[in-house]
Amino acid sequence: MRTGDQTLVKEWNQAIALDLLRSRGPVSRAELAQLSGINKATVSNIVEEWLALGLAEEIGPGPSSVGRPPMLIRFNPRAGFAVGIEIEVDGLRGVLTDLDGQPVYREQVAAADLADVARAVARLHDLIAALLRAAPQAPLGVLGIGIGVPGLVNFDAGVVQNAPNLHWRDVPLRDIVTGAWPYAVYVDNEANAGALGEKWLGAGMDADSLVYISASTGIGAGIVLGRDLVRGAGGLAGEFGHMVIDVNGEACSCGGRGCLEVYASLTSCLRRYQARRGERVDADTYFARLAAGDADAVAAMRETGEYLGIGITNIVHGLNPERVILGNRLADGGDVLLAAVERVLMTRSFAQPYFRTTVSLGRLGRDACAIGAASLALQAYFALPRTE
Ligand SMILES: [Zn+2]
């Protein structure tokens, strides 16, 4: 075997063992060897490295049927941290997470001037600085910074290609942030990040495949298969907001017509409410009225949910994911939204008895994108080494 191969085998063994420790721990060294198929001597060496790094800790002897009880080892999620940030149209939302993706600190910045890239970057740096200040001392320190952006992102290049609601074009955000901070930086579409957040820590933890629908001003979606995002050849995968549901329909911000987001976004829900009441209200007022049982607010949400249900029926026919998760601002419509979506899905699909897709509300609420952005950094740290 060549030296390169040996290094790769060592990295694989470490990654597999660490993954098992995180998902199955606390475990003994012998159990870890058995679960991973790695020999005991190698496992012992790996564990010694973890203990030295602070990535794992011994927590005392476990139960034993015969002989000396084995020492149990558990993963230490506070050995390091990650920064996750969501850039929204009207502000920034940040979290500092531990190695399990659990938020340990949150900070929000309201800002109306994010269309100006230089100002947005200045605010982003302020938020990163605040999140880093909040990071406790830890052996691995901060592993990286993830950023979710509402737009089309070239993930490999770290470039925001087109964010229509922010009016950004070709912004090399990763290089900008990397130039200011000594950390690995990951930039992805906000719905992709949200999908990863719900997969990592929320409503998709037990699903092998999921589609996360981020419905707010517009509609985006993230597709996760196994543990990985499906980005598509050009980063376009999941742009279901621009799936045409009415060939001769209304004009969309993308330049097309009859796109799903024209009928099923929060913007369209507010428009329906306004049409019923002859009164323009902001999202906070609308949701307060919905929560209070305002009949027009309920009707507007129900109708919006029916359109979203049409879009989701198309998604289920195309991808048949195990779970569809409703997230971002429109998901504050809660059970009214969910029931409308489910009703349409159950009656519009010929395959309904067979498809086994379930729809649920996200579990992370508005934190999904920021947590998912942080998990981009965590995932890179815990990933199996690349073989190509
Ligand atoms: Zn469109």
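Look up: the structure comes first, before these words.
Computed from a predicted structure; not experimentally measured.

Definitions and limits used
- Residues numbered from 1 in each chain as written.
- Predicted model: local features only at pLDDT ≥ 70, side-chain atom pairs only at ≥ 80, totals over all residues.
- Heavy atoms only, no water.
- Core = buried A, V, L, I, M, F, W, Y, C linked by side-chain atoms within 4.5 Å.
- Buried < 20%, exposed > 50% of the residue type's maximum accessible area, 1.4 Å probe, protein only.
- Helix = DSSP H or I, 4+ residues; strand = E, 2+ residues; numbered from the N terminus.
- Pairing = 2+ DSSP bridges.
- 1 Å grid on protein atoms, 1.4 Å probe; cavity = no way out; pocket = protein on both sides within 12 Å on 5 of 7 lines; lining within 4 Å.
- Points joined across faces, edges and corners; volume = space filled by probe spheres on them.
- Nonpolar A, V, L, I, M, F, W, Y, C, P; charged D, E, K, R; others polar.

## Structural notes on the nonpolar core
For step 1, the next point in the chain: Leu21, Trp50, Leu55 and Leu99 are the most contacted members of the largest nonpolar core, which has 42 residues in total.
For step 2, the next point in the chain: Taken together, the elements giving at least two residues each to this core come down to α1 (3–24), α2 (29–36), α3 (40–53), β3 (71–75), α6 (190–201), β12 (209–215) and α12 (368–382).
For step 3, the next point in the chain: For this core, the element with the highest residue contribution is α12, accounting for eight residues.
For step 4, the next point in the chain: Core analysis: the next-biggest nonpolar cluster, separate from the first, contains 37 residues, Ile219, Met243, Leu290 and Val341 among them.

## Let's talk about the pairing of strand β6 (residues 103–110)
For step 1, the next point in the chain: Pairing geometry for strand β5 (residues 91–98) and β6, over seven bridges, is antiparallel. The partner of leucine 96 across the bridge, within β6, is tyrosine 105.
For step 2, the next point in the chain: Turn length for the β5-β6 hairpin, with the two strands adjacent in sequence and antiparallel, is four residues, and the turn residue glycine 101 shows positive phi of about 90°.

## Some remarks on the layout of surface pockets
For step 1, the next point in the chain: The volume enclosed by the second largest pocket comes to roughly 890 Å³.
For step 2, the next point in the chain: Along its surface, the second largest pocket is lined by 39 residues, and Val89, Pro150, Asn165, Thr217 and Gly218 are the ones closest to its centre.
For step 3, the next point in the chain: When residues of the lining of the second largest pocket are traced back to their parent elements, those giving at least two are β4 (80–88), β5, β6, β13 (219–225), α8 (266–277) and α9 (283–291).
For step 4, the next point in the chain: Along the lines of polarity and charge, the residues of the lining of the second largest pocket split into 14 nonpolar, 15 polar and 10 charged.

Worth remembering: the numbers are spatial, not functional.
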